[in-house]
Structures are given as structure tokens and as C-alpha cells.
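Reading the structure
Okay, here's what each chain looks like letter by letter:
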Amino acid sequence: MAEVFGGFFAALPGAVAQGLIWGVMAIGVFITFRVLDVADLTVDGTMSTGGAVMVVCMGNGLNVWVSMLLSVIAGCIAGFVTGMFHTKFGIPAILAGILTQLSLYSINLRILGGRANAPLSFRNHNLIFSLNDINKSLLLGAVFVVVLIVFLYWLFGTELGHGIRATGCNEAMSRANGINTDTNKVIGLVLSNGIVALSGAMLCQYQGFADINMGRGAIVIGLAAVIIGEVIFGKIFKNFALRLLAVALGGVIYYVVITFVLRLKIQVGSIDFKFDPNDLKLFTALVVALFLGVPFWKAKIAQKNVKNKKEVKA
């Protein structure tokens, strides 16, 4: 057990750094899932798009900041396409996201020149994030999260931001008050996927390559971060900025837990049980299902307590 904890604490800085990167992605998911109340599956493709654009831009000699900006723009375009499918073609949001995600697989392959993956070495490029310098990645990851939260807190405090929040809260009432809900949905999807693409650009720098499948299952990890953050910090983080921070912290907690579980070894008699990395997606799905079920169970328990009190009074 001491060996397990020793290895866990040694890997902890890397887990936190990667958790911050995925926390940025989770903030993008939060905008559609909680603010807009839209199930957007585009993010699985947008994550890879951000990484692919980042690698190609850096490979063609562009500055790292310009490359990241172009990655964000590419993600925004993907979100815009999903928004058009949903608002102008009348396609349900979840299906519109699936269609865009499906098309992005081919687009990402074209961006990467037909390759399934492409390297982005810190030895050849001046990168912001790198496994080779985890302390720098930790610091800059935290800075990116804080700057993003400040920007979104300002944006959602404007008239446009209030319109987007109103659209997600009550679309019919928003429309009755003269708010263009279709435009707000498109803007929300554009913003969300731009942030997810930014996370993809950060991740491909950190891991040293972009992969066509790097975004597969990203929506589940994003939801896990959102739900974990809400369940753990929901009672104390009421302010919008703090809710965004809770989501980012949810991403960190998720990766810390995953790192611990991957290193966990349980001995029962002469048999050693160790977590198989191939089961990681299954474990993630179970974690999301568990945390999604917590509010439901709490509501059921509260209803049962109220019912018991009424029976006692009667």
C-alpha cells in the first residue's frame, strides 16, 4: 500500500495539470449542458479538431498563441454548424451534435493530412504546455482556467449573456419577451465548442501529439467533471463564477481519482486485484451515472422523510 501511495503522490502533479486542461473542456460542456440546457455531442469531434489544427499550425511555423487562436476559431465554426442544424434545419440538438461530430472525423483526418495522429514535440516547438515541464503546465493551466472564468463571468453578466441564460432557463418565456432564442442557442454552441477546441489545443501540447480519437468519450469526462463539481461544491458555490470554478475543480478531482484507481492494487489472499486501464471508459461511465443519481436519491429521501412526518402527525 505504501508503494501505491508513493507512486500516486509522485504522479499527482501530472494528474492535476491534466485535470485543469480537461476542466477547461468541462466549462465548455457546462455552457451547453447547464446554461443552455442542450445536450451537445459535438464536443467529441471538436476536441480532436482543436488538437489537429494546433499541430498543423505549429508544423507550418505559426506562433503557439496564433495556433491556439485558430484552434478556437475552428471549434467555433463546428459549434456554428451544429447551431445551424438545430435552429435552421429543425434537427433536435442531440442529433445535430451527432451529425457534426460524425462529419468532423473526416474533416480532422483531412486537417492531419490523412494521418490518424501527428506529433508535436517540445524539442521542435516552443510549447506552452508539456509533460516535460509539469510545474509550468500546472501554473499556466490554472491561469487559463482563472482567465476563462473571469471572461465568462463578465460575458454572462451582459445583456447577451442574460439572454443566453434566459433561453436555457425558459425558452418559451424568453421568446415571449422578445429574445431571439435561436440566435442565443447558436452563440452558446459556438462559445462552448470554441472552449472545447481550446482544451484540445492545450491537451495535444501537453501529451505531445494530436490523435483523431483524442476526443472520443470527451463528453462523458466533461459531464463527470460538471456533476462531480456540482455534487461536491454545489452547496457552497452559488455564484456563477464559483460554479464555473467548481466545474474546473471537478475535472481535477476526476483525474486525481482516476490516477489513484489506476495505481490501486488490492491483495486478497494470494490474489492481486489491479485496475485494468482497458476498463477506464466503463469506470468513467459508472462514476457519471453514480453522481447523476445522487440528486435523484436525495430528492427521494427528502420526499420519504416528509411523508413519514405527515404520517406521524396524523
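Residues numbered from 1 in each chain as written. Predicted model: local features only at pLDDT ≥ 70, side-chain atom pairs only at ≥ 80, totals over all residues. Heavy atoms only, no water.

Here we come to the overall build of the protein chain. Assigned secondary structure in the protein chain consists of 11 helices and four strands. Compactness check: the protein chain gives a C-alpha radius of gyration of 21 Å against a globular reference of 20 Å for 314 residues, within 12% of the reference. Dimensions of the protein chain, computed from C-alpha atoms along their principal axes, come out at roughly 75 × 65 × 30 Å. By the burial criterion, 45% of the 314 residues in the protein chain qualify as buried. (Helix = DSSP H or I, 4+ residues; strand = E, 2+ residues; numbered from the N terminus. Rg over C-alpha atoms; globule rule 2.2 N^0.38 Å. Buried < 20%, exposed > 50% of the residue type's maximum accessible area, 1.4 Å probe, protein only.)

So, about the environment of Thr87. Summarising the element assignment, Thr87 is placed in helix H3 (residues 64-87). By relative accessible area, Thr87 is classed as buried at 15%. As for Thr87 and Trp65, which are separated by 22 residues in sequence, their C-alpha atoms are 33 Å apart. Sequence-distant contacts of Thr87, that is, excluding residues within four places in its chain, are made with Asp182, Lys185 and Val186. There is a polar contact of 2.7 Å between the side chain of Thr87 and the backbone oxygen of Gly83. (Contact = heavy atoms within 4.5 Å. Polar contact = N/O pair within 3.5 Å; in protein donor to acceptor, adjacent residues only side chain to side chain.)

Taken as a whole and assessed by the stated rule, the structure comprises three salt bridges. Across the pair Arg34 and Glu230 runs a salt bridge, and its minimum N-O distance is 2.8 Å. Pair noted here: Arg34 is in helix H1 (residues 2-35) and Glu230 is in helix H9 (residues 218-233), with a separation of 196 residues, a long-range link. A relative accessible area of 24% places Glu230 in the partly exposed class. Its salt-bridge partner being Glu171, residue Lys185 comes within 3.1 Å of it at the nearest N-O pair. Residue Lys185 is found in helix H8 (residues 181-207), and its partner Glu171 is found in helix H7 (residues 171-176); the two are separated by 14 residues along the sequence. Overall, the relative accessible area of 27% leaves Glu171 in the partly exposed class. Members of the salt-bridge network, linked through shared partners, are Glu171, Arg175 and Lys185. (Salt bridge = Lys/Arg side-chain N within 4 Å of Asp/Glu carboxyl O.)

This brings us to the confidence of the model for the protein chain. Taken over all residues, the pLDDT of the protein chain has a mean of 89, while the share at 70 or more is 94%. Averaged over each element, pLDDT in the protein chain is lowest for strand E3 (residues 265-268) (58) and highest for H3 (97). (pLDDT = per-residue confidence, 0-100.)

A separate point is the environment of Ser199. By the secondary structure assignment, Ser199 is in helix H8. Relative accessible area serves as the criterion here: at 0%, Ser199 is assigned to the buried category. The contacts of Ser199, once residues within four sequence positions are left out, are Ile21, Trp22, Val24, Met25 and Met47. A distance of 2.8 Å separates the side chain of Ser199 from the backbone oxygen of Ile21, its partner in a polar contact.

Here the focus is helix H10 (residues 240-263). Helix length check: H10, at 24 residues, gives a terminal C-alpha distance of 35 Å against a target of 34 Å (1.5 Å per residue), a fit within 8%. If you check the start of H10, you find a side-chain oxygen 2.8 Å away from the backbone N of Ala241, and it comes from Asn239. (Expected span 1.5 Å × (residues − 1).)

Where nonpolar side chains cluster on the molecular surface, the patch consists of Leu62, Val66, Leu69, Leu70, Ile73, Ile77, Phe80 and Val81 and spans about 640 Å² of accessible area. The residue Leu70 is located in helix H3 in this model. (Patch = residues over 30% accessible without salt bridge, like charges linked within 9 Å, V, L, I, M, F, W, Y side chains within 5 Å. Areas by Shrake-Rupley, 256 points an atom, 1.4 Å probe, with all protein chains shown as cover.)

A few words now on the side chain of Ser130. With respect to the helices, strands and loops of the structure, Ser130 is situated in the loop between strand E1 (117-119) and helix H5 (134-155). At a separation of 3.0 Å, a polar atom in the side chain of Ser130 contacts the main-chain amide nitrogen of Asn132. For Ser130, the contacting residues outside a window of four places in its chain are Phe122, Ser137, Gln205 and Tyr206.

Running from amino to carboxyl end, H3 crosses helix H4 (residues 93-111) at an angle of 140°, the nearest separation of the two axes being 8 Å. Classified by the angle their axes make, H3 and H4 are oblique. In terms of crossing hand, the pair formed by H3 and H4 is right-handed. In contact with Ala78, Val81, Thr82, Phe85 and His86 of H3, H4 contributes Ala93, Ala96, Gly97, Leu99, Thr100 and Leu104. (Axes fitted to C-alpha atoms, helices over the stretch in contact; angles between N-to-C directions. Parallel < 35°, antiparallel > 145°, perpendicular 65-115°, else oblique. Left-handed = near helix turned anticlockwise from the far one by under 90°.)

In this section: the packing of aromatic side chains. Tallied over the full model, the rule gives nine aromatic pairs. Both rings, one in Phe129 and one in Phe144, keep their centres 5.4 Å apart while their planes meet at 65°; by these two values the pair is edge-to-face. Taken as a pair, Phe129 in the loop between E1 and H5 and Phe144 in helix H5 lie far apart in primary sequence, 15 residues in all. You'll find Phe129 and Phe144 in the same group, each marked buried. Look at Phe156 and Phe240: their rings are 5.2 Å apart centre to centre, the planes differ by 55°, and that puts the pair in the tilted class. Highlighted residues: Phe156 in the loop between H5 and helix H6 (159-169) and Phe240 in helix H10, separated in sequence by 84 residues. One exposure class covers both Phe156 and Phe240, and it is buried. (Phe/Tyr/Trp six-rings, centres within 6.5 Å; stacked < 30°, edge-to-face > 60°.)

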